[in-house]
Structure formats: C-alpha cells, structure tokens
Amino acid sequence: MKKILITGGAGFIGSHVVRHFVTKYPQYEIFNLDKLTYAGNLENVADVEHHSNYRFVKEDITDGDRMLQLFRSEQFDAVIHLAAESHVDRSIANPVDFILTNVAGTVNLLNAARAIWQHQPETHRFYHVSTDEVYGSLSFEDQPFTEATAYDPHSPYAASKAASDHFVRAFHDTHKLPVVISNCSNNYGPNQFPEKLIPLFINNIKHNKPLPVYGSGLNVRDWLYVEDHVAAIDAIFHKAKNGETYNIGGNNEWANINLIKRLIAIVDEKLGRSPGTSLSLITCVADRAGHDLRYAINASKLKSDLGWEPTVKFTEGFEKTVEWYLRNEQWLESVTSGAYQEYYRKMYEGR
Ligand code: NAD
Ligand code: TYD
C-alpha cells in the first residue's frame, strides 16, 4: 500500500490525475488536498469520492505548520504536486497570490517532506508538475524547448512556476530530496475552468457572446489532451530517476486564430447552426501585456527514456472536449455562477 498526496486534485488537471490513480491503482491510498479556490471544484472528482482508497481534505498549502502536521500524521509515501494559481491574466492583475501559493506553498510542501522523509529519502518521491511557460517565448523560427533550454519566464505566473521549479531542484541538491519535475505544454479537455481559452470560447460561442482574441491572434500554443498529460505523469511518477526533468508536449502547434476558427466550426455544427455562423463573434481586443509569442515542446527525451508519446489525435480530442462542455451545461453554469463554491464552503465549514 502506498499513500500518495495529490495537491490541487479538485482543479482541472489534478482531478484527472486523481481519477486515474484512484481507479487504476486500487492498492494506492489517494489523499486529495485542495483549498477549493475559485478554480477548485469537487464535482470534478464526484465519480471517485466513494472509492475506499480516496480521501479529500480541504487545506491551504500556504499554511506551512499545517503541512508539516499533515505529513507527520499521514506519513505520505509520495507527493504529486499540482496545486497552483494557474491563470496568466490573473497573475498580471494580482501577482501576490501566485507568490504565496506557487512559491511559498511549494516550499512548505518541500520542507514538510524533507522533515518527515529525512531518514529514508530513497523510498519516497516528490513529483512537481510544472509548465513550459518557464522557458519563455519562441520566435516562429526557433526550435522547440528542450529540457536544456534556459529559464526565461515573462509573466508573473511563469516567474512563480520557475521559482518553484528552482526550489524543488535546490531541495534535491541541498537535502537529497527525491524529486522529479515535468514541464508541460497547454492542456485541453473536460473540467477546465472557463477562463482559459478553449472552455471560455466554447461557452461564449454557445451563448452568442464575443470571442476576445488578444492582439494579432497569431500567438502559437502546443496543445495536449489532458489524459495524455496524465499518462505522462503516471510514467514519470513510476519510472523516472530521482532528480530528472521531463518535457511533455502535444507536438501540436496552433496559432490561436486558427484554433478559434476550428472551434467555431465544430461548435456551430454540433449546435445545428449553418457553417460559419459564429465567425462574427470574433472580436480583436488589446493584446495581453507581455504576451508570449510561441510555446512548443520537444518531448523526445520522455519518448526515448520512458516510451511516452501523445495518443489522442487533436481532431478526436477537440471533438470530445466540445461535446463534453455542450453536454455538461450544468457544470458550466455552476462554475460560472460560483454557486458551487458557496455549496462547498458550507459543506466543509463544519468539519
Ligand atoms: P487549476 O487552476 O485548474 O487548478 C488548481 C487547483 O489548485 C485548484 O483546485 C485550486 O483550488 C488548487 N489550489 C490553488 N491554490 C491552492 C492552495 N493555496 N492550497 C491548496 N490548493 C490550492 O490548474 P490546472 O490547469 O489544473 O494546473 C494544475 C498544475 O499543472 C499547475 O501546477 C499548473 O502550473 C500546471 N500546468 C498546467 C497546464 C495547463 O495547461 N492547464 C500546463 C502545464 C502545467
Ligand atoms: P490561456 O488558455 O490563458 O493559456 P496560456 O496563456 O497559459 O497559454 O491562453 C491561450 C492563448 O489564448 C494565449 O495565447 C492567450 C490567448 N487568449 C485569447 O486570445 N483570448 C482569451 O480570452 C484568452 C483567455 C486567451
């Protein structure tokens, strides 16, 4: 029996990681720790909450004393750390939350793990989930990011994730903490909070609301279906050597404007609208401050070392994603209205 702490398991990627580990590994005890910020929603993991190897605890990783207490009382064997403030636009408006959760929160977890695991570090694992945004921005001609690309973060979000990655490596080098890190490209799929491009635009197309395209619309992102990210996390968690870093990417670059047109075509078709109906919703707005031009990942190390590569074709993943958001109207309605937060606040207040 292994006891694994997964942080941020009520968020987008974390909820898929939790479901995967709870159902694929009944021999593991999965401990989902989440603060339930605006981005955390227990509905995302409602289908696994009655499994006997699953537990949820509402906690804040910025509380260092509490993290230490938890590590002491629960004696986790491993951590998969996903809890973070994750939205670039919010980091521009309010960077302090990003320092607190992404940097101080990560260091609190590292400190707790170091204190509790110090006598047998080799039997444990601290897996830090990070982003390709730490590498900065590519020109259209540049080669994709490799694990050797120098860090050059631009947004406050990317700066906070870069700082957290450095702390993870510092604990490995200084305290021999058994760490692994992965840096992944943009994810898409079910349960993503509708402030990020794909769910926001699906929702807006459906409700005939404007689609705010930042700047030229030519910025490029490398999109990966969330279940492929989870499969990579599984492989790295189980097979990577201590101290390793892996890039994870979809080998699937899209200029925003092309992606948006594709999205419009699919949503219009699924809603029975005539082709191109929603193109008029495209609205060019001022560019995001410091908007990175292009992200692209070279994930060949992960393929050659651990045999991982993306399996979900973009056309298939994109269709599935659109269908999920159109089918789960109630989920979208509840997260956009904030009703779920009030519900869970009341539910957990008394515990
Ligand atoms: P998300 O915003 O959907 O979820 C984050 C979760 O963390 C939420 O459930 C939130 O409640 C929780 N959380 C926030 N602050 C907390 C705190 N102080 N204590 C405890 N829990 C807290 O994010 P996501 O898109 O699922 O991203 C998860 C991780 O993956 C992040 O570390 C992010 O940097 C990384 N990542 C995301 C992407 C992407 O495309 N979404 C790509 C690469 C890496
Ligand atoms: P986002 O989903 O916020 O991910 P990230 O900034 O982490 O890559 O945005 C993806 C791309 O879409 C990015 O280039 C910014 C752009 N974008 C828009 O043009 N309009 C929007 O309303 C949003 C949210 C994003």
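Asks: Even after reading the chapter, I still don't get empty space enclosed by the protein, so can you show me in this structure?
Replies: Which parts of space are left empty comes out when a probe the size of a water molecule is rolled across the atoms. Under the definition given, this model contains one cavity of 30 Å³ or more. Of the voids in this model, the largest cavity is the one considered here, and its volume is about 40 Å³. Lining the largest cavity we find Val88, Glu133, Ser155, Arg221, Arg288, Ala289, Gly290, His291, Asp292 and Tyr295. A breakdown of the residues in the lining of the largest cavity according to their chemical character gives three nonpolar, three polar and four charged.

Asks: Which parts of the structure should I look at to understand the site of ligand 1?
Replies: The environment of ligand 1 is formed by 28 residues, the closest being Ile13, Asp34, Ser86, Tyr157 and Lys161. Within the backbone of Ala84, a nitrogen or oxygen atom sits 3.5 Å from an oxygen atom of ligand 1. Alone, ligand 1 offers 840 Å² of accessible surface; in the complex the protein occludes 97% of this. Elements represented by at least two residues in the shell around ligand 1 include exactly α1 (12–24), β5 (125–131), α5 (156–175) and β7 (186–188). Per-element accounting of the shell around ligand 1 gives the leading share, three residues, to β5. Tallied by class, the residues present in the shell around ligand 1 amount to 12 nonpolar, 11 polar and five charged.

Asks: Could you clarify how one ought to interpret the site of ligand 2 in this entry?
Replies: Taken together, 18 residues are adjacent to ligand 2, and Glu133, Pro212, Arg221, Arg288 and His291 come closest. At 3.0 Å, a backbone N or O of Leu197 approaches an oxygen atom of ligand 2. Within the backbone of Pro212, a nitrogen or oxygen atom sits 2.7 Å from a nitrogen atom of ligand 2. Summarising the interface, the protein chains cover 96% of the accessible area of ligand 2, which totals 510 Å² for the free molecule. Secondary-structure elements contributing two or more residues to the shell around ligand 2 are α6 (197–206) and β8 (211–214). A per-class count over the shell around ligand 2 returns eight nonpolar, five polar and five charged.

Asks: Looking at this structure, I do not really get the layout of surface pockets. What am I missing?
Replies: By volume, the second largest pocket amounts to about 230 Å³. What lines the second largest pocket is a set of 16 residues, among which Asn251, Ile297, Asn298, Ala299 and Ser300 lie closest to the centre. Partitioning the lining of the second largest pocket into residue classes produces six nonpolar, six polar and four charged.

Asks: Even after reading the chapter, I still don't get the sheet that holds strand β4 (residues 78–81), so can you show me in this structure?
Replies: Adjacent strands of a sheet form backbone hydrogen bonds with each other and so pair up, either parallel or antiparallel. In spatial order, the strands read β3-β2-β1-β4-β5-β6-β10; together these seven strands make up an open sheet with parallel pairing. Looking at strand neighbours, the two that pair on one side only are β3 (54–58) and β10 (245–248), the edges of this open sheet. Averaged over all pairs of adjacent strands, the angle between their axes in this sheet comes to 20°, without regard to strand direction. Helix α7 (residues 226–239) contacts β1 (2–7), β2 (28–34), β4, β5, β6 (179–184) and β10 of the sheet and is inclined by roughly 145° relative to β5.

Criteria and thresholds
- Here the residue numbers are simple positions, counted from 1 along each chain's written sequence.
- Just so you know, chain letters begin at A and ligand numbers begin at 1, following the order they were written in.
- Two thresholds apply to this predicted model, a pLDDT of at least 70 for residue-level local features and 80 or more for giving and counting side-chain atom pairs, whereas whole-chain, interface and lining totals are computed over all residues.
- As a rule here, side-chain values cover all heavy atoms of the structure and leave hydrogens and water aside.
- In the cavity and pocket records, a cavity denotes points on a 1 Å grid over the protein atoms alone where a 1.4 Å probe fits but cannot get out, a pocket denotes an open set with protein on both sides within 12 Å along at least 5 of 7 lines, and lining residues are residues with an atom within 4 Å of a point.
- Grid points are joined across faces, edges and corners, and a volume is the space filled by probe spheres set on the points.
- Amino acids are sorted into nonpolar (Ala, Val, Leu, Ile, Met, Phe, Trp, Tyr, Cys and Pro), charged (Asp, Glu, Lys and Arg) and polar (every other residue, Gly among them).
- Being near a molecule or strand, for a residue, means having at least one of its heavy atoms within 4 Å of it.
- Polar contacts, as counted here, are pairs of nitrogen or oxygen atoms within 3.5 Å of one another; within protein the pair requires one atom able to donate a hydrogen and one able to accept it, and residues that are adjacent in sequence qualify only if both atoms are side-chain atoms.
- The Shrake-Rupley method, run with a 1.4 Å probe sphere, supplies the accessible areas, and residue values consider only the shown protein chains as cover.
- Helix and strand assignments follow DSSP, with helices taken as H or I runs no shorter than four residues and strands as E runs no shorter than two, numbered in order from the N terminus.
- One requirement defines pairing of two strands: DSSP has to find at least two bridges between them.
- Axis angles are defined between N-to-C directions and span 0 to 180 degrees, where every axis is a line fitted to C-alpha atoms and, for a helix, only to the segment in contact.
- We call two residues in contact when some of their heavy atoms are within 4.5 Å.

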